[in-house]
Amino acid sequence: MKDVTFLLPAYNEELSIGTLIKKIQELYQNSHIIVIDNNSTDKTASIASKLGAEVIFEKKQGKAHAIQKGFNHSDSQYVIMLDADNTYDPADASRLLELLKNDDADLVMGSRLSGDLEKGAISRTNVIGNYLLSLTARLLYHPISDVCTGYWAFRKEVVDYLLAVGIDCSGFEVEAEMFAKVSKGNFSIREIPISYKKRTDQAKLNSFSDGFKIFKTLINYKMKSLEMIFLVFTLLTALISFFDISFLRIVIV
Ligand SMILES: Nc1nc2c(ncn2[C@@H]2O[C@H](COP(=O)(O)OP(=O)(O)O)[C@@H](O)[C@H]2O)c(=O)[nH]1
Ligand SMILES: [Mg+2]
C-alpha cells in the first residue's frame, strides 16, 4: 500500500489531466493517483488510465459525490486532494504533507489568497466573494483565509471521520461542508500558502449561485450545532424544573 494517495476529481478535464498526472508521477513516484471521473464526455478517463492512474467513475454529478467516492477508494495514511484543472502545483503537496507527517496536523489546506497567485487566476469578483466566505468561516468556525481552496491534505483519520459523518451536499459547497465538519471534530487544522495559476479553459463554478450555496452551507452547519445546544439546554431546564417541583412536593408533604 502506498502511503500517499492523490485524489483528482475531474469533469471534462482532457486539456489538463495528462500534464497534472505526469507532474505528480515525477515528483511522488511512490504515490497512488486516483482520478474520479464524473460523467466526462471528453477523453479525461482514457488519458488518465493510459498514464497509469487509477480511474474510477461516479455517476452522480457533482464534485462532492466525486470526492466521497475517492475517499471510499483511498486506504493510505495521507490523502491529497486537488482540482484536475492544473491550476494547483503538485510541488506544493510536499509542504502540505510535511505538516501532516512531522507537525501533528490532521488537515492542511492550501491558501491561494495568502500564496503566489498568478495575475488573473481568480477574478476580482471571486476574490471578494472568497474573502467574504472565508471571513464567515473564520467567524463561525476556525481561522482560515481561503475556505474555497481545492488543495487539501488529510490524515486518514480525517477521511474516515468525513466518511462516517457523511457529506450531504453535491457540488462546490463540498469544501465549506468539509471545513465546517472537520472544525467541529477534534482535529488540528493548518493552512499554508500555495501557488495558483490561471485555468486554460472555462471554470465550471458559477460565482454567484455557487457562492450563495457555500455561504448557506457555512451558516447551516453552525445552526445545526446551535440547535443541538438549544435542545440540550431546553432538556436540562425541563429536567431541573421537574426535579425542583418533585423536591418541593416532598418538602411540602
Ligand atoms: N467530479 C466532478 N468534478 C467537477 C465537477 N465540476 C467541476 N469539477 C472539478 O472540480 C474542480 C474545480 O472545478 P472548477 O470549474 O475549476 O472550479 P474552480 O476551480 O472553483 O473555479 C475541477 O477539477 C473540475 O474538474 C463535477 O460536476 N464533478
Ligand atoms: Mg479550478
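Below you will find a few notes about this structure. (Residues numbered from 1 in each chain as written. Chains lettered and ligands numbered in written order. Predicted model: local features only at pLDDT ≥ 70, side-chain atom pairs only at ≥ 80, totals over all residues.)

Quick look at the sheet that holds strand S4 (residues 78-81) now. Across the sheet, which stays open at both edges, the seven strands sit in the order S3-S2-S1-S4-S6-S5-S7 with mixed pairing between neighbours. Single-partner strands in this sheet number two, and they are strand S3 (54-57) and strand S7 (189-196). Direction aside, neighbouring strands of the sheet carry axes that sit 25 degrees apart on average. One ladder, built from four bridges, connects strand S2 (residues 31-37) with S3; its direction is parallel. (Pairing = 2+ DSSP bridges. Helix = DSSP H or I, 4+ residues; strand = E, 2+ residues; numbered from the N terminus. Axes fitted to C-alpha atoms, helices over the stretch in contact; angles between N-to-C directions.)

Moving on to the site of ligand 1. Looking at ligand 1, there are 18 residues lining it, with Tyr11, Asn38, Ala66, Asp83 and Lys204 nearest. At the level of secondary structure, the elements contributing two or more residues to the shell around ligand 1 comprise strand S1 (4-10) and helix H3 (63-73). Looking at the shell around ligand 1, its residues break down into eight nonpolar, four polar and six charged. (Near = placed C-beta within 6 Å. Nonpolar A, V, L, I, M, F, W, Y, C, P; charged D, E, K, R; others polar.)

Turning next to helix H7 (residues 174-184). The buried count for H7 comes to eight of 11 residues, which makes it a mostly enclosed element. Of all the positions in H7, only Val174, Glu175, Ala176, Glu177, Met178, Phe179, Ala180 and Val182 are classed as buried. (Buried ≥ 20, exposed ≤ 12 C-beta atoms within 10 Å, placed from the backbone.)

The subject of this paragraph is the pairing of strand S5 (residues 107-117). The pairing of S5 with strand S6 (residues 152-155) spans three bridges and is antiparallel. Residue pairing for S6: methionine 109 is matched across the bridge by tryptophan 152.

With that settled, the discussion passes to the nonpolar core. The biggest cluster of nonpolar side chains holds 63 residues, and the ones touching the most others in it are Leu8, Val35, Ile80, Ala153 and Phe179. The dominant element in this core, judged by the number of residues it contributes, is H7, at six residues. Beyond its immediate stretch of four places on either side in the chain, phenylalanine 179 contacts Ala137, Tyr141, Ile144 and Val147. (Core = buried A, V, L, I, M, F, W, Y, C linked by C-beta atoms within 7 Å. Contact = placed C-beta atoms within 7 Å.)

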